[in-house]
Amino acid sequence: MTTTERKSRLLGNGEITVSFEFFPPKNERMEEALWAAVRRLEPLNPAFVSVTYGAGGSTRERTHATVSRLVRETTLSPAAHLTCVGATCEEIDSIVRSYWDAGVRHIVALRGDPPGGVGTRYEPHPGGYANAAALVAGIARVAPFEISVAGYPEKHPESPTVAHDLDNLKAKVDAGATRIITQFFFDNERFLRFVENARARGIWCPIVPGIVPIHNFKQVAGFAMKTGASIPAWLARRFDGLDDDPATTHLVAAAVAAEQVMDLVDEGIRQFHFYTLNRADLVFAICHLLGLRPRPAVLQQAVSA
């Protein structure tokens, strides 16, 4: 098997597609920022957009409201995040049915962080779904949703071994997951090794790399520490001394993200999921480099909105 054939088997070929993640706004100013980002990115025709679900279900109503508005007011296909935390199976099933009734056909199923926060022991809610695999199976029983789940190129922080983490991922796929979206990472070799290990384990659904443009290095480094994603020394050096220089940070961030995604394209990657942090500028620029262009009709709608 040639190198090209091997990449095709592991990663898949075809046109480049993208998806975007947003989080529900907490106030009017954040609401304006979110919808400005949505309107800026909508003309790029993403495969879908996802809306996050706060720790312990803290944004349940706001997530539902944002997803419902996306269905009503945009051409986008929204995916609602849903976790096991803080609810019984019956309560979660009711939420799932309400999404189906609202026209949502895609859910991102996650176990969720423990109510006590990252680092505390996770305990399933009494009468609730025990883990993400059980949640996936529960969603699939309610309605024929498309179901995405999380993957961890550097393993989940709570997994004792890489093998254990892959077993958990396989359980989610066997339960009905149709796509894996990875936690963000900065070392492409870790992602490629993760894909190869997943394929060797018999996991054949699409595995989409999660990419986060670095608008604020300290903020992203904090996210990385909580999620088990490593920050390479070379990456820290690129942002060294830029804490009070947002303009240069922006330029460096664009260069770093462009380098990462174009390297992945060279490796055969054709699908990307961007953690937008409700900001469109860097993501739009990266998509432009990937060859994506706004659809004229939607672009005109976005300009006149």
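To be clear, the structure that these remarks concern was listed above.
All of the points below concern the structure found in this document. (Residues numbered from 1 in each chain as written. Predicted model: local features only at pLDDT ≥ 70, side-chain atom pairs only at ≥ 80, totals over all residues. Heavy atoms only, no water.)

## Structural notes on the packing of helix H2 (residues 28-41) against helix H3 (residues 60-73)
Where H2 contacts H3, the two axes come as close as 13 Å, and the packing angle between them is 40 degrees. The angle between the axes of H2 and H3 places the two elements in the oblique class. For the element pair H2 and H3, the recorded crossing hand is right-handed. Contacts between H2 and H3 involve Glu31, Leu34, Trp35, Val38 and Arg39 from the first element and Thr66, Arg69, Leu70 and Glu73 from the second. Of the residues assigned to the contact of H2 with H3, the class counts are four nonpolar, one polar and four charged. (Axes fitted to C-alpha atoms, helices over the stretch in contact; angles between N-to-C directions. Helix = DSSP H or I, 4+ residues; strand = E, 2+ residues; numbered from the N terminus. Parallel < 35°, antiparallel > 145°, perpendicular 65-115°, else oblique. Left-handed = near helix turned anticlockwise from the far one by under 90°. Contact = heavy atoms within 4.5 Å. Nonpolar A, V, L, I, M, F, W, Y, C, P; charged D, E, K, R; others polar.)

## Description of the sheet that holds strand E1 (residues 17-22)
With parallel pairing, the eight strands of this closed barrel are ordered in space as E1-E2-E3-E4-E5-E6-E7-E8. Ignoring strand direction, the axes of neighbouring strands in this sheet form an average angle of 30 degrees. Summarising the sheet, strand E5 (residues 146-151) and strand E6 (residues 179-184) pair through four bridges and their orientation is parallel. Residue pairing for E6: Ala150 is matched across the bridge by Ile181. Of the strands in this sheet, strand E3 (78-83), strand E4 (106-110) and E5 touch helix H5 (residues 132-142), which is tilted by about 155 degrees from E4. (Pairing = 2+ DSSP bridges.)

## Regarding empty space enclosed by the protein
Going through the model one piece at a time under the given rule, you end up with two cavities of 30 Å³ or more. Taken as a whole, the largest cavity spans an internal volume of roughly 40 Å³. Counted by class, the lining of the largest cavity contains four nonpolar, three polar and two charged residues. Approximately 40 Å³ is the volume found for the second largest cavity. Along the walls of the second largest cavity sit Phe186, Val212, Pro213, Ile214, Phe239, Ala253, Val256, Ala257 and Gln260, which together make up its complete lining. Element by element, the count of residues in the lining of the second largest cavity is highest for helix H10 (residues 246-266), at four residues. Its residues assigned to classes, the lining of the second largest cavity shows eight nonpolar, one polar and no charged. (1 Å grid on protein atoms, 1.4 Å probe; cavity = no way out; pocket = protein on both sides within 12 Å on 5 of 7 lines; lining within 4 Å. Points joined across faces, edges and corners; volume = space filled by probe spheres on them.)

## Some points on the layout of surface pockets
Considering only enclosed or pocket space, the second largest pocket measures out at about 230 Å³ in volume. Considering the residues around the second largest pocket, the lining is formed by His215, Asn216, Phe217, Lys218, Phe239, Leu242, Asp243, Pro246, Thr249, His250 and Arg279. Among the elements of the structure, helix H8 (217-227) and H10 are those that each provide at least two residues to the lining of the second largest pocket. Broken down by element, the residue count for the lining of the second largest pocket peaks at three residues, all from H10. Looking at the lining of the second largest pocket residue by residue, the class counts come to four nonpolar, four polar and three charged.

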